[in-house]
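# Summary of the model geometry
So the chains spell out like this:
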Amino acid sequence: KAGVTQTPRYLIKTRGQQVTLSCSPISGHRSVSWYQQTPGQGLQFLFEYFSETQRNKGNFPGRFSGRQFSNSRSEMNVSTLELGDSALYLCASSSQGRGINIQYFGAGTRLSVL
Amino acid sequence: AQRVTQPEKLLSVFKGAPVELKCNYSYSGSPELFWYVQYSRQRLQLLLRHISRESIKGFTADLNKGETSFHLKKPFAQEEDSAMYYCALNANTGNQFYFGTGTSLTVIP
């Protein structure tokens, strides 16, 4: 099975722009979660999608949004970029709905905001 | 509020020495706890989870609800154990994981 695929791997944007990141989960996985990883804060949960619905949401401003398609692929959008949005964005997929789930992580998208 | 604390950012031990990576959590319900590891230039991956009560690569972790801890232990550290280790809690509302800030373990030959 192919692993979790995130595209693009690297992005450079300027303040005020918007960006869309993509995540393809492992085949058969219906849950996709997004995380922001920074040196100071570690991994912070953004949101989780399951069967095209946002099921859980972290404490990030509304500029951060996402969606999931019927094939379980997910996109994350950040609008009006700020310098502080520079981070590694990780996507993780898991197979089950509820219960004890193992998350499989992608390699991440490194976003730099100038 | 849910919170995971890893008090040590950096930890160095000699090869063959015991190693313990600390993790404390705060959560009002029944926690699901995990240890994830990230080796150099690799993806974050699951090391072990408390529900399985397993030993992976010689590592074990016991959930202590009284002390709200889930420390990771290995009796004899190996050089290949050098990595970043993250403790994580699933808030049992689906998949909403709270990660600690991580501990970078270096095993000195």
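Up top you'll find the structure we're talking about.
An account of the accompanying structure is given in this report. Per-chain numbering applies: the sequence of each chain, read as written, is numbered from 1 onward. The order in which chains are written sets their letters, starting at A; the order in which ligands are written sets their numbers, starting at 1. Local features are withheld for residues below a pLDDT of 70 in this predicted model, meaning they are given only at 70 or higher, and side-chain atom pairs are given and counted only at 80 or more; totals for whole chains, interfaces and linings count all residues. Computation of side-chain values covers all heavy atoms of the structure but excludes hydrogens and water.

Our focus in this paragraph is the sheet that holds strand S3 (residues 19-21) of chain B. All names here are of chain B. Pairs of strands are assigned from DSSP output, requiring at least two bridges between the strands. Under the scheme used here, helices are H or I runs from DSSP no shorter than 4 residues and strands are E runs no shorter than 2 residues, and both carry numbers assigned from the N terminus. Here we have three strands laid out as an open sheet, ordered S3-S8-S7, and antiparallel in their pairing. For this open sheet the edge positions go to S3 and strand S7 (60-61), each flanked by a neighbour on one side alone. Examined bridge by bridge, S3 and strand S8 (residues 72-74) share three bridges and lie antiparallel to one another. Within the sheet, the bridge partner assigned to Val19 lies in S8 and is Lys74.

Attention now goes to the packing of aromatic side chains. Each Phe, Tyr or Trp ring (for Trp, its six-membered ring) is paired with any other whose centre lies within 6.5 Å, and the angle between the two planes then decides the class: stacked below 30 degrees, edge-to-face above 60, tilted in between. By the definition in use, this model includes 14 aromatic pairs over all chains. Judged by centre distance (6.4 Å) and plane angle (80°), the rings of Tyr86(B) and Phe99(B) are edge-to-face. With Tyr86(B) in strand S9 (residues 83-90) and Phe99(B) in strand S10 (residues 97-99), the pair connects residues that are 13 residues apart, well separated along the chain. Phe99(B) carries the same exposure label as Tyr86(B), and that label is buried. Any Lys NZ or Arg CZ found within 6 Å of a ring centre and within 35 degrees of that ring's normal is scored as a charge over the ring. We note Arg55(A) situated over the ring of Phe50(A); from NZ or CZ to the ring centre the distance is 4.5 Å. The buried label goes to any residue with under 20% of its type's maximum accessible area, the exposed label to any with over 50%, and the partly exposed label to all in between, with areas taken from a 1.4 Å probe on protein chains only.

In this section: the interface of chain B and chain A. In many reports, interface size means the accessible area that the parts give up when they come together. In this assembly, 18 residues from chain B lie in contact with 27 residues from chain A. Counting each side, the surface lost to burial between chain B and chain A is near 1,800 Å², with a carbon and sulfur contribution of 51%. By definition, a salt bridge exists where a carboxyl oxygen of Asp or Glu is found within 4 Å of a side-chain nitrogen of Lys or Arg. There are zero salt bridges connecting chain B and chain A. Elements with a contribution of two residues or more to the side of chain B that touches chain A: strand S5 (32-38), strand S6 (45-49), S9 and S10 of chain B. Take the side of chain B that touches chain A: its biggest share by element is four residues, from S5(B). Throughout, the ten residues Ala, Val, Leu, Ile, Met, Phe, Trp, Tyr, Cys and Pro are labelled nonpolar, Asp, Glu, Lys and Arg are labelled charged, and all others, Gly among them, are labelled polar. The residue inventory of the side of chain B that touches chain A, partitioned by class, reads eight nonpolar, seven polar and three charged. In what follows, residue pairs with any heavy atoms lying within 4.5 Å of each other are defined as contacts. In short, buried area is how much 1.4 Å probe accessible area vanishes from two parts on joining, totalled over both.

Residue and element names in this part refer to chain A. Overall, antiparallel pairing links the four strands, which are arranged S1-S3-S8-S7 in an open sheet. Of all strands in the sheet, those with a lone pairing partner are strand S1 (5-7) and strand S7 (64-68), marking the two edges. Within this sheet the neighbouring strands show an average axis-to-axis angle of 20°, counted without direction. Summarising the sheet, S1 and strand S3 (residues 19-24) pair through three bridges and their orientation is antiparallel. Interaxial angle, 0 to 180 degrees, is taken between N-to-C directions of lines fitted to C-alpha atoms, where a helix line uses only the stretch in contact.

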